[in-house]
Amino acid sequence: MSPLPGEKELPNALPRTTATQVPLRRLQRSMDARHLIMIALGGVIGSGLFLSSGYTISQAGPLGAIIAYLIGALVVYLVMACLGELATAYPVSGAFHIYAARSIGPATGFTTAWLYWLCWVVALGSEFTAAGILMQRWFPGVPVWVWCLVFAAALFSINAISARVFGETEFWFSLIKVLAIVVLIVLGAAAIFGFTPLSDEHPAALLFRNFETPHGLFPGGVGGVLMTSLAVFYAFSGSELIGVAAGETKDPGRNIPRALRSTVLRLLVLFVGSITVIAAILPYDKASVTSSPFVDVFQYVGVPFAPDIMNFVIITALLSAGNSGLFSCARMLFSLAEEGHAPKAFTRLTRRGIPIVALSVSMVLGLVSLLSSVIAAETVYLALVSIAGFAVVAVWMSIVAAQFFHRRAFLRRGGDVSTLPYRTPLYPIVPIVAFVLLLVSVVAIAFDPNQIAALYFGLPFVGLCYLYFWWRYGRRGAARVHTVSEEAPVDRAEDPAAEEPIAGIGR
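Predicted model, so just to flag it, every value in this text is computed and none were measured.

**So, the overall build of the protein chain**
1) Next: Across its full length, the protein chain carries 17 helices and zero strands.
2) Next: Split into buried and exposed, the 507 residues of the protein chain put 58% on the buried side.
3) Next: Within the protein chain, contacts between residues separated by at least 24 positions form 81% of all contacts whose residues are at least 6 apart in sequence.
4) Next: Accessible area for the protein chain stands at about 20,100 Å²; split by element, carbon and sulfur atoms hold 67% of it.

Below you can see the structure in the form of structure tokens.
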């Protein structure tokens, strides 16, 4: 196959067959590594960190919360290490279900795609609603639904122009959030040691006295740390968006691994650093009663207009997550349609390579999700939210399982691991450990009354997806759209195998 100008040729695990070539032909490769990093950070850093981090500390204790975030960062690293090898082998847009379909089976790919799509569609409605509520601090006379429509129109326009515009917008959205966290870490760390140049009160050095609670270092016990770790897995969701954007990345063999490494390092520093500062400054038994621990810390160190600043930052965080989510939804529908698992209309693109029909449908259904949160909050919306929460861990499990089977098949065919642009270290230990940790988190949900609804609705949804796939497409899968990539042409005269389907992958 012929690489794009400036790119090195990427080996495909199952090369030179129409059944395995990925549809790269029309989406525009216009994003750099810095765009990928900020897209991932945009999907991860949201209201959970800015608003709910105090609750995490109150449940596990200061030290327990830090340990929980370190465990979460480890799991993210393991998943990203697996994602890197797959994303460079299959650098396509909306790629999660491609990994699973090629390496595990088409039914698993189908289920993974619809799980992840539904996850972000539900998130869209939630982000718009939360941002609209926060806007009432400054504009109390404007109804929340008006702001929801304004934000929806703005994000739709950003996504509809071009992938480059989306990437640039997400870069600046995410930069605002990252700067807010860095300022918190720097000023908060100084305040821990008694240095508060912005404050008129100049409180004494706190050091780490708040870590020793009346109930010891772990007031919630090991169970508190474990349950918090489950929530932290969800807090780190969004880092996998690098895989969604792989098909629109310049030189994926170089930029995707760089973005993955940088993203994991930044998440480790930003999340663990901010949790450490908050835990040291705020007493753990009071951390959960604040609207935002970031506001309390900023006020403690003397930052002027702290509530208004954080209100702006949180609104930016919500819109950034919604921006990334809408991008992900559109690419997932586009990719499903290319595989023959969704209506062909979703493959329609604008002149700038934007899947406009998939984008429009995702936005409309995101607004329907928002409506259901108002008129059916205890039935339809509860089911949607539960499935969305379950989807995060399920998609991560599919990524690590796909990497395990992908590498095994690659080695069986006599592939040379040294030729891979990026390879998961310590194979097969990394995918196995990651899968086990994620499986444990799913099982542990059954013992948490606050999260068990994810299993009640998530598992039946997965079962229905498999049943529908087998009923609609049969065991071998759908008849894939045989449009050969212009970036990876196949000469059928030279490659007789192009007419033969691969076992487990439908023609």
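**Brief notes about the packing of helix α7 (residues 163–192) against helix α12 (residues 293–301)**
1) Next: Running from N to C, α7 and α12 point in directions that differ by 50 degrees, and their axes come no closer than 10 Å. One finds that α7 runs oblique with respect to α12. Here the hand of the crossing between α7 and α12 comes out left-handed. The residues of α12 that touch α7, namely those facing Ala180, Ile181, Val183, Leu184, Leu187, Gly188 and Ala191, are Phe294, Val297, Phe298, Tyr300 and Val301.

**Concerning the pattern of salt bridges**
1) Next: Summed over all chains, the structure comprises three salt bridges.
2) Next: The closest approach of N and O atoms between arginine 102 and glutamate 339, which form a salt bridge, is 3.1 Å. Separated by 237 residues along the polypeptide, arginine 102 in helix α4 (residues 96–103) and glutamate 339 in the loop between α13 (306–338) and α14 (356–375) bring together distant segments of the chain.
3) Next: For arginine 102, a relative accessible area of 7% puts it in the buried group.

**Overview of the environment of tryptophan 396**
1) Next: Here tryptophan 396 shows up in helix α15 (residues 380–412).
2) Next: Sequence separation of tryptophan 396 and threonine 112 is 284 residues, and the distance between their C-alpha atoms is 9.5 Å.

**Thoughts on the packing of aromatic side chains**
1) Next: Counted according to the given criterion, the structure contains 18 aromatic pairs.
2) Next: Judged by centre distance (5.3 Å) and plane angle (50 degrees), the ring pair of phenylalanine 110 and phenylalanine 469 falls under tilted. With a gap of 359 residues between them, phenylalanine 110 in helix α5 (residues 106–135) and phenylalanine 469 in helix α17 (residues 453–473) connect regions that are remote in the sequence.
3) Next: Among the residues examined, phenylalanine 110 registers a relative accessible area of 4% and is labelled buried.
4) Next: The interplanar angle of 55 degrees and the centroid separation of 5.1 Å between the aromatic rings of phenylalanine 469 and tyrosine 473 together place this pair among those described as tilted. Here phenylalanine 469 and its partner tyrosine 473 are both found in helix α17, four residues apart, which amounts to about one turn of the helix.

**Examining the packing of α5 against α15**
1) Next: One can describe the packing of α5 onto α15 by two numbers: an axis separation of 8 Å at closest approach and a directional angle of 130 degrees. By the angle class used here, α5 and α15 are oblique. The way α5 lies across α15 gives a crossing that is left-handed. Facing α5, whose interface residues are Thr112, Leu115, Tyr116, Leu118, Cys119, Val122 and Ser126, α15 presents Tyr381, Leu384, Val385, Ile387, Ala388, Phe390, Ala391, Val392, Ala394, Val395 and Ser398.
2) Next: A class-by-class count of the residues in the contact of α5 with α15 yields 15 nonpolar, three polar and no charged.

**Topic: the nonpolar core**
1) Next: Counting residues in hydrophobic clusters, the biggest one holds 145 residues, and the most contacted among them are Ile45, Phe50, Phe128, Phe236, Trp396 and Ile399.
2) Next: Tallying contributions element by element places α5 first for this core, with 17 residues.

**Thoughts on α14**
1) Next: Its 20 residues place the ends of α14 29 Å apart at the C-alpha level, agreeing with the 28 Å of an ideal helix rising 1.5 Å per residue.
2) Next: Within α14, burial applies to Val357, Ala358, Leu359, Ser362, Met363, Gly366, Ser369, Leu370 and Ser372.
3) Next: Elements that come into contact with the buried residues of α14 comprise α5, α6 (144–161), α13 and α15.

**Side note on the confidence of the model for the protein chain**
1) Next: Of the residues in the protein chain, 82% reach a pLDDT of 70 or more, and the chain-wide mean stands at 78.
2) Next: Counting interchain partners and residues more than four positions distant, the pLDDT-below-50 stretch residues 481–507 has 58 contacts.

**Details of unusual backbone geometry**
1) Next: In the segment running from tyrosine 427 into proline 428, the intervening peptide bond is cis, with an omega of 5 degrees.
2) Next: Structurally, proline 428 can be placed in the loop between α15 and α16 (429–445).
3) Next: One non-glycine residue, phenylalanine 305, lies in positive phi territory at about 55 degrees.
4) Next: Looking at where phenylalanine 305 falls in the secondary structure, it is placed in the loop between α12 and α13.
5) Next: Judged by relative accessible area, which is 65%, phenylalanine 305 ranks as exposed.
6) Next: Residue leucine 426 is not a glycine yet carries a positive backbone phi of 55 degrees.

Scoring rules and cut-offs
- Residues numbered from 1 in each chain as written.
- Predicted model: local features only at pLDDT ≥ 70, side-chain atom pairs only at ≥ 80, totals over all residues.
- Heavy atoms only, no water.
- Helix = DSSP H or I, 4+ residues; strand = E, 2+ residues; numbered from the N terminus.
- Buried < 20%, exposed > 50% of the residue type's maximum accessible area, 1.4 Å probe, protein only.
- Contact = heavy atoms within 4.5 Å.
- Areas by Shrake-Rupley, 256 points an atom, 1.4 Å probe, with all protein chains shown as cover.
- Axes fitted to C-alpha atoms, helices over the stretch in contact; angles between N-to-C directions.
- Parallel < 35°, antiparallel > 145°, perpendicular 65-115°, else oblique.
- Left-handed = near helix turned anticlockwise from the far one by under 90°.
- Salt bridge = Lys/Arg side-chain N within 4 Å of Asp/Glu carboxyl O.
- Phe/Tyr/Trp six-rings, centres within 6.5 Å; stacked < 30°, edge-to-face > 60°.
- Nonpolar A, V, L, I, M, F, W, Y, C, P; charged D, E, K, R; others polar.
- Core = buried A, V, L, I, M, F, W, Y, C linked by side-chain atoms within 4.5 Å.
- Expected span 1.5 Å × (residues − 1).
- pLDDT = per-residue confidence, 0-100.

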